[in-house]
Amino acid sequence: MIKFFLMVNKQGQTRLSKYYEHVDISKRTLLETEVIKSCLSRSSEQCSFIEYKDFKLIYRQYAALFIVVGVDDTENEMAIYEFIHNFVEVLDEYFSRVSELDIMFNLDKVHIILDEMVLNGCIVETNRARILAPLLILDKMSES
């Protein structure tokens, strides 16, 4: 099960955070800081899976953005690694070459995409067309 989902830039600034288990606000900042440090400090030759406290971190870097997913011990690391890539492909399709600015200025749409893919910490959808369908309907409604 996915515990949290983070998008972070190379400077360590969180661009998106979504928690699927309750974490106090005061502890979130500390958790994000430690998680970001452990991922950013690794070289590109090192594995993208990290054992951290009572869960695993799976991360992937795309240009200046890191996507970090915290999961419990029962989750398949490669499945989450591919899920991260699928998420970025969906963003690329919607924004046509997604950038950090797209995420910052369209955070609501990024949350909608993530919510279409993950429900209560479980991956429920991976088909790009089905993920983007509600968002495209919203776009059509806002145009008219």
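Along each chain, numbering runs from 1 in the same order as the chain's sequence is written. The predicted nature of this model means local features are confined to residues of pLDDT at least 70 and side-chain atom pairs, given and counted, to a pLDDT of 80 or more, with totals for whole chains, interfaces and linings taken over all residues. Working from all heavy atoms in the structure, the side-chain values ignore hydrogens and water.

Moving on, we come to unusual backbone geometry. At Ser96, a residue that is not glycine, the phi angle is positive and equals roughly 45 degrees. Numbered from the N terminus, helices here are DSSP runs of H or I no shorter than four residues, and strands are runs of E no shorter than two. When you line up the elements, Ser96 lands in the loop between α2 (77-95) and α3 (100-105). Residues other than glycine seldom take positive phi values, yet Arg97 does so here, at roughly 70 degrees.

In this section: the environment of Glu82. Checked against the element boundaries, Glu82 lands in helix α2. We classify Glu82 as partly exposed; its relative accessible area is 43%. Placed 22 residues apart in sequence, Glu82 and Arg60 show a C-alpha to C-alpha distance of 9.6 Å. Burial classes: relative accessible area under 20% of the type maximum marks a residue as buried, over 50% as exposed, and values in between as partly exposed (1.4 Å probe, protein chains only).

Moving on: the UniProt feature "domain: AP complex mu/sigma subunit" (unreviewed entry) in the protein. In the numbering used here, UniProt assigns the "domain: AP complex mu/sigma subunit" (unreviewed entry) feature to residues 1-141. Secondary structure within residues 1-141 divides into 47% helix and 26% strand; the distance between the first and last C-alpha atoms comes to 34 Å. UniProt positions are given in the numbering used here, feature names are shortened, and annotations may be inferred rather than shown by experiment.

So, on to helix α5 (residues 128-143). Expected span of a helix: the number of residues minus one, times 1.5 Å. Helix length check: α5, at 16 residues, gives a terminal C-alpha distance of 22 Å against a target of 22 Å (1.5 Å per residue), a fit within 8%. At Pro134, α5 shows its largest kink, close to 30 degrees. Restricting attention to buried positions, one finds in α5 the residues Ile131, Leu132, Leu135 and Asp139. On its buried side, α5 packs onto α2 and α4 (107-117). For the purposes of these results, a polar contact is taken to be a pair of N or O atoms within 3.5 Å, where, inside protein, one atom must be able to donate a hydrogen and its partner to accept one; residues adjacent in sequence count only when each atom of the pair is a side-chain atom. For α5, the capping residue at the N-terminal end is Asn127, with a side-chain oxygen 2.9 Å from the backbone nitrogen of Ala129. To obtain the bend at a residue, axes are fitted to the seven residues ending there and to the seven starting there, and the angle between these axes is taken. The contact rule is simple, with two residues in contact once any of their heavy atoms fall within 4.5 Å.

For the rest of this paragraph, the subject is the nonpolar core. The set of buried Ala, Val, Leu, Ile, Met, Phe, Trp, Tyr and Cys residues whose side-chain atoms join them within 4.5 Å is what this entry labels a nonpolar core. The biggest cluster of nonpolar side chains holds 29 residues, and the ones touching the most others in it are Phe5, Met7, Phe87 and Ile113. Going through the elements one at a time, β1 (2-9), β5 (65-71), α2, α4 and α5 are the ones with two or more residues in this core. Considering every element that reaches this core, the biggest residue donor is α2, with 10 residues. Not counting residues up to four positions away in its chain, the partners in contact with Phe5 are Leu16, Ser17, Lys18, Tyr20, Ile67, Val68, Val69, Phe83, Phe87 and Leu114. Counting 16 residues, the second-largest nonpolar core is a separate cluster that includes Leu31, Ile36, Leu57 and Tyr59.

Okay, the packing of aromatic side chains next. Two rings belonging to Phe, Tyr or Trp (six-membered ring only in the last case) form a pair when the distance between their centres is within 6.5 Å. Interplanar angles under 30 degrees mark stacking, angles over 60 mark edge-to-face geometry, and anything in between is tilted. Applying the stated rule across the entire model yields eight aromatic pairs. Relative to Phe83, the ring of Phe5 lies with its centre 6.2 Å away and its plane at 75 degrees, an arrangement referred to as edge-to-face. Residue Phe5 is located in strand β1, and its partner Phe83 is located in helix α2; the two are separated by 78 residues in the primary sequence. Phe83 sits in the buried class, given a relative accessible area of 4%. Taken together, a centroid distance of 4.9 Å and an interplanar angle of 85 degrees make the contact between Tyr94 and Phe95 edge-to-face. The class of Tyr94 is buried, set by a relative accessible area of 16%. Given the relative accessible area of 12%, Phe95 is considered buried.

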